[in-house]
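Observations on the model geometry
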Amino acid sequence: MMGTIHGNTARLVLRLSGILLLVLAWDLVARHYSGLVVASPLDTLAAAAKLLSDPSFIVRHFAVSLKRVALALVFGLLVGGSLGLLAGFFDPFRLMIEPLRWMLMTIPGVVIVVVFMLWFGMGNLMVISITACTIAPVVYVNVSQAMSSVDRSLLEMAEIYRFPLAMKLRRIYAMTVAGPFFSAAVIAVGNGIRVVVLAEVLGANNGIGHCLAISRTNLDTPELYALALISMSIVGGIEFFLLKPLKEKYLWRES
């Protein structure tokens, strides 16, 4: 018990030390360059506090981007996870879908944004569709590879003892896929917020990306950095307050 407590404390100290070093390096760079190029940490925090205290920003931009990220994450995880499971069970299906996976993972994000703007115009559907299409291949790859690494001896044992299909899915396949799936979800959140902001910069009239475009036009560097910080906070919040607890709860319950 004491060892676990000391281990958690050491990890917390290391994480805080890493954050402190990043902030110090950021401050040194800000002192070296003009405020129009690099905003200082204090100026960025002040701009972020101003934005987050503005009800109009929260309702019209922050909440809109958060909703888009959440919906895209749900669709991307469902589609990518389902296709990954099918690819793991049926090798012909995996071979058929591989070109589509390769195309979606290699085509530049800005090209996808431009094409989807032509298809869907500006707004929620365009942003959510683009983001889900960039999330799904990452999840698909992790899940399909995890399915191929299922312990064959466990499957043989399940056949010998005639385990029901539901038990095999839950006790063998799900336990093998759970770790890679949650790891893919963490990557998907980071990719998702980047694509959402990019799509909003190029083709939306609200959201954090729209505010980012306005800040760039007005040369408001502290606000631009503040919006980037808020975007990173969304990723951290989803990862540490949603995905990580879900992963720990699921694995603990199953074990």
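The structure under discussion appears in the preceding block.
About the thresholds
Residues numbered from 1 in each chain as written. Predicted model: local features only at pLDDT ≥ 70, side-chain atom pairs only at ≥ 80, totals over all residues. Heavy atoms only, no water. Buried < 20%, exposed > 50% of the residue type's maximum accessible area, 1.4 Å probe, protein only. Helix = DSSP H or I, 4+ residues; strand = E, 2+ residues; numbered from the N terminus. Core = buried A, V, L, I, M, F, W, Y, C linked by side-chain atoms within 4.5 Å. Contact = heavy atoms within 4.5 Å. Patch = residues over 30% accessible without salt bridge, like charges linked within 9 Å, V, L, I, M, F, W, Y side chains within 5 Å. Areas by Shrake-Rupley, 256 points an atom, 1.4 Å probe, with all protein chains shown as cover. Salt bridge = Lys/Arg side-chain N within 4 Å of Asp/Glu carboxyl O. 1 Å grid on protein atoms, 1.4 Å probe; cavity = no way out; pocket = protein on both sides within 12 Å on 5 of 7 lines; lining within 4 Å. Points joined across faces, edges and corners; volume = space filled by probe spheres on them. Nonpolar A, V, L, I, M, F, W, Y, C, P; charged D, E, K, R; others polar.

**Some words on helix H9 (residues 208-217)**
Of the residues making up H9, those classed as buried are Ile208, Gly209, Cys211, Ala213 and Ser215. Once H9 ends, the next one or two residues include Leu219, with phi positive near 55 degrees.

**Re the nonpolar core**
Ranked by internal contacts, the top residues of the largest apolar core, which has 42 residues, are Leu73, Ile130 and Ile238. Of all the secondary-structure elements, those providing two or more residues to this core are helix H2 (41-52), helix H3 (55-89), helix H5 (109-120), helix H6 (124-148), helix H7 (152-160), helix H8 (165-203), H9 and helix H10 (221-254). When residues of this core are assigned to their parent elements, the largest contribution, 12 residues, is made by H8. Discounting residues that sit within four places of it in the chain, Ile130 has contacts with Ile112, Val113, Phe116, Val195 and Ala199.

**Structural notes on a nonpolar patch on the surface**
Where nonpolar side chains cluster on the molecular surface, the patch consists of Ile107, Val110, Val111, Val114, Leu118, Trp119, Phe120, Leu125, Leu198 and Leu202 and spans about 910 Å² of accessible area. Only H5 and H8 provide two or more residues apiece to the nonpolar patch. The element that contributes the greatest number of residues to the nonpolar patch is H5, accounting for six residues. You can see Val111 is positioned in helix H5.

**Notes on the layout of surface pockets**
Taken as a whole, the largest pocket spans an internal volume of roughly 510 Å³. Lining the largest pocket are 16 residues; nearest its centre among them are Ile19, Leu22, Leu229, Met232 and Ser233. Elements with a contribution of two residues or more to the lining of the largest pocket: helix H1 (2-32), H2 and H10. Looking at the lining of the largest pocket residue by residue, the class counts come to 12 nonpolar, two polar and two charged.

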